[in-house]
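Structure assessment
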Amino acid sequence: MNPLQAQELVIDIPGRDDGEALNFSVQPGQIWGVLGPNGAGKTTLLHTLAGLLEPRQGAVFLGENSLNELKRRQISRQLGLVFQDRQDGFPATVLETALIGRHPWLSPWQMETGADERIARRALEQLDVAHLSDRLVNTLSGGERQRVAIATVLTQAPDTWLLDEPTNHLDLHHQVSVLQLLTEQARAGRSVFMCLHDLNLAARWCDHLLLLFPNGEACWGPAKRMLVPAALERLYDQELLTVEVDGAPLFVPVKH
Ligand SMILES: Nc1ncnc2c1ncn2[C@@H]1O[C@H](COP(=O)(O)OP(=O)(O)OP(=O)(O)O)[C@@H](O)[C@H]1O
C-alpha cells in the first residue's frame, strides 16, 4: 500500500501568497483531518492531492511515483475521492452510480460482472442505502446522496480515501457510522484524509490533523499535538471553551 505524500507542495489559490509549503505523508492505517475556516483551501488541497488540480509548486507522490508520472487509471485504483457537492451529470440509479466505482478495475468497454455488482450491493448495504438501489440518484435526499457517494468509493476500494466533508448532510447516527466505516478502512491498512468542519468529530476520530489558515500558513502532526485551544481559536477566529469527555477534548464556542 503506497503512502500519499505532499512534497514542498504549494496549492494554487488565486491571488494568495504561497504561504507554507506542505510536507507530509499519509501512511497506511492513518486517519487525517484537515481543519480550517471557509475559503482556507481545504477543497483545493484535496483536489490537488487527487491530481485534479495542478499545484503551484511541489508535487504529490503515491509511493515512489509523482502523480504526474501515473496514468489516471493507476491513480484511480489507489485513490478515491468523495466530492463535497456532486452534480450528477445524467440520470442514473443508485446501483448504476455505485458500479461506477468498479470502472478503474475494468478494461475499456468491459461490462461489469456479477462479482462487481455484488461488491457494489455490499457497499450500498454498508452505507444503509441498499433499499434505494433502483431509485434515480437525483431523487434522493442530501444525506442519502452523500451515502451513495461514499458507497461508490467503497465499491472502488482505493487504498487511500480523500473525502471533502464526508459528514455533510448526514444525521448524527449516519455521521458516526461513516466515521466508523472509515476507521475500519484504516484498521484494514488503508488511509483516510478528509476535510471536516466539525472540530469535535475531528478530535474524536482523527489521529493526525492539518490546520490550514486562510493566509496559507499551515501546521500538521499527530492530533493530540495539534488540538491546542489557542491555535484552534486563531484558526477559526472564535473563542472556545475546552472540556474533556470520554478521553477526548470537546470544544464549545464561547457564547457572549
Ligand atoms: N476557480 C477559482 N477562481 C478564483 N478563486 C477560487 C477558485 N477556486 C477557488 N477559489 C478560491 O480559493 C479559496 C479556497 O477555496 P476552497 O474551496 O479550497 O476553500 P475551502 O477551505 O474548501 O472552503 P469551504 O470551507 O468554504 O468549503 C477560496 O477563497 C475560493 O474562493
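Rules of the game
- Residues numbered from 1 in each chain as written.
- Predicted model: local features only at pLDDT ≥ 70, side-chain atom pairs only at ≥ 80, totals over all residues.
- Heavy atoms only, no water.
- UniProt positions renumbered as here; feature names shortened; annotations may be inferred.
- 1 Å grid on protein atoms, 1.4 Å probe; cavity = no way out; pocket = protein on both sides within 12 Å on 5 of 7 lines; lining within 4 Å.
- Points joined across faces, edges and corners; volume = space filled by probe spheres on them.
- Helix = DSSP H or I, 4+ residues; strand = E, 2+ residues; numbered from the N terminus.
- Nonpolar A, V, L, I, M, F, W, Y, C, P; charged D, E, K, R; others polar.
- Pairing = 2+ DSSP bridges.
- Contact = heavy atoms within 4.5 Å.
- Axes fitted to C-alpha atoms, helices over the stretch in contact; angles between N-to-C directions.
- pLDDT = per-residue confidence, 0-100.
- Patch = residues over 30% accessible without salt bridge, like charges linked within 9 Å, V, L, I, M, F, W, Y side chains within 5 Å.
- Areas by Shrake-Rupley, 256 points an atom, 1.4 Å probe, with all protein chains shown as cover.
- Salt bridge = Lys/Arg side-chain N within 4 Å of Asp/Glu carboxyl O.
- Phe/Tyr/Trp six-rings, centres within 6.5 Å; stacked < 30°, edge-to-face > 60°.
- Buried < 20%, exposed > 50% of the residue type's maximum accessible area, 1.4 Å probe, protein only.

For the protein, the name recorded in an unreviewed UniProt entry is ABC transporter ATP-binding protein, with Marinobacter iranensis as its organism. Entered under Function (unreviewed entry) in the UniProt record, the comment concerning the protein runs "Part of the ABC transporter complex HmuTUV involved in hemin import. Responsible for energy coupling to the transport system."

Turning our eyes to something else, we now look at the layout of surface pockets. Taken as a whole, the second largest pocket spans an internal volume of roughly 210 Å³. Those elements that place two or more of their residues in the lining of the second largest pocket are helix H6 (172-187), helix H7 (199-205) and strand E12 (248-253). Considering every element that reaches the lining of the second largest pocket, the biggest residue donor is H7, with four residues. Looking at side-chain class alone, the lining of the second largest pocket contains eight nonpolar, two polar and two charged residues.

Strand order in the open sheet formed by four strands is E2-E1-E4-E5, and the pairing between neighbours is antiparallel. Each edge of the open sheet carries a strand with a single partner, namely strand E2 (22-26) and strand E5 (65-66). Taken strand by strand, helix H1 (residues 42-49) contacts strand E1 (4-10), E2 and strand E4 (57-62), and its axis lies near 120 degrees from that of E1.

Moving on, we come to the confidence of the model for the protein. Per-chain confidence: the protein averages 94 in pLDDT, with 98% of residues scoring 70 or above. For this predicted complex, the interface confidence comes out at an ipTM of 0.96, alongside a pTM of 0.95.

Pairing geometry for E1 and E2, over four bridges, is antiparallel. In the strand pairing of E2, Leu 4 is matched with Val 26. When E1 meets E4, the two strands line up antiparallel, connected through five bridges. Opposite Gln 5, over in E4, you have Phe 61 as the bridge partner.

What follows deals with a nonpolar patch on the surface. There is a patch of nonpolar side chains on the surface, built from Leu 241, Val 243, Val 245, Leu 250 and Val 252 and spanning about 370 Å² of accessible area. Counting residues per element, the ones that place at least two in the nonpolar patch are strand E11 (240-245) and E12. For the nonpolar patch, the leading source of residues is E11, giving three residues. For Leu 250, the position within the fold is in strand E12.

To continue, consider the packing of aromatic side chains. Enumeration according to the criterion identifies four aromatic pairs in this entry. With centroids separated by 5.5 Å and ring planes inclined at 5 degrees, the aromatic side chains of Phe 24 and Phe 193 adopt a geometry described as stacked. With Phe 24 in strand E2 and Phe 193 in strand E8 (residues 191-195), this residue pair connects regions lying 169 residues apart in the sequence. Note on accessibility: Phe 24 and Phe 193 belong to one class, buried. Through successive ring pairs, a cluster of aromatic residues spans Phe 24, Trp 32, Phe 193 and Trp 220.

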